[in-house]
Each structure stands twice: as C-alpha cells, then as structure tokens.
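So the chains spell out like this:
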Amino acid sequence: MTAGPRGGGRERSRSRHCRAIQRRLVFLEELPEAEATALQAHVCACRDCGRTERLFRGLLAAIRDMPAPEDAYWDRIAEAIMARIRAPPPPWMDQSSGVE
Ligand SMILES: [Zn+2]
C-alpha cells in the first residue's frame, strides 16, 4: 500500500517548499544562474511546480507578444484615477453621521 497524497509532515514540508519555489518562478528569467538551475531541477522533478512553471512561461510569452499601449492609453488611466480621487466619498465612508 502506498501513502496517499495527503501524507504526514514530510508531505506538508514538501508543499511549503513547493510554494516557496512557485513564488520564485515569477522571477525565473531574472534569477542568478545558480538559483535558476536549482529551481529548474526541482521543476523537472515536481509535477505541481512543473505545471506552474509552464503557466508562468506561457503568461510571460503572451505579455511579451502584446503591443505596448499608446500614450493616450496612459492618459485615460490617469484621468480615470483622478476622477475617482475627486469624486465624493461613497455613503458608507461618510464619517459625519453617527461617529463622534
Ligand atoms: Zn514542487
């Protein structure tokens, strides 16, 4: 009989290790070579981290292929942010009623 996927402490510590690995995968292309090599070795041996790495690589490739927004796009973003800042606060934020 083999151990189930939800084993004892060893399984939990591996999960914690995998979460740490997966957080670092976001920076895979910016890591120092030694760390990238160690990460890659784990990713090759671990199904969960391998799946996450493929997801990140796909996302990075998709972002890289996107055209850069034009300046007008950033102007519209800035205008929308300023409009939200200048707008009156929503009723639930009104501190003049009921709060001393
Ligand atoms: Zn892993």
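Structure first, text after, so check above.
Residues numbered from 1 in each chain as written. Predicted model: local features only at pLDDT ≥ 70, side-chain atom pairs only at ≥ 80, totals over all residues.

Student: Before we move on, can you summarise the overall build of the protein chain with the specific residues and values?
Tutor: Counting its secondary structure elements, the protein chain contains 4 helices and 0 strands. Secondary structure elements in the protein chain, listed N-terminal to C-terminal, are α-α-α-α. Relative to its full complement of 100 residues, the protein chain shows a buried share of 5%. (Helix = DSSP H or I, 4+ residues; strand = E, 2+ residues; numbered from the N terminus. Buried ≥ 20, exposed ≤ 12 C-beta atoms within 10 Å, placed from the backbone.)

Student: Lay out the packing of helix α2 (residues 33-45) against helix α3 (residues 47-65) with the relevant residues and their values.
Tutor: Closest axis-to-axis distance for the α2/α3 pair is 6 Å, and the angle between their directions is 115°. For the element pair α2 / α3, the angle class is roughly perpendicular. Along its contact with α2, which presents His-42, Val-43 and Cys-44, the element α3 presents Cys-49, Gly-50 and Glu-53. (Axes fitted to C-alpha atoms, helices over the stretch in contact; angles between N-to-C directions. Parallel < 35°, antiparallel > 145°, perpendicular 65-115°, else oblique. Contact = placed C-beta atoms within 7 Å.)

Student: Quick rundown of helix α4 (residues 71-86)? Include the residues and the values.
Tutor: Along its 16 residues, α4 runs 23 Å from first to last C-alpha, staying within 8% of the 22 Å computed at 1.5 Å per residue. For α4, the buried fraction is low: 0 of the 16 residues fall into the buried class. (Expected span 1.5 Å × (residues − 1).)

Keep in mind these numbers describe shape, not what the thing actually does.
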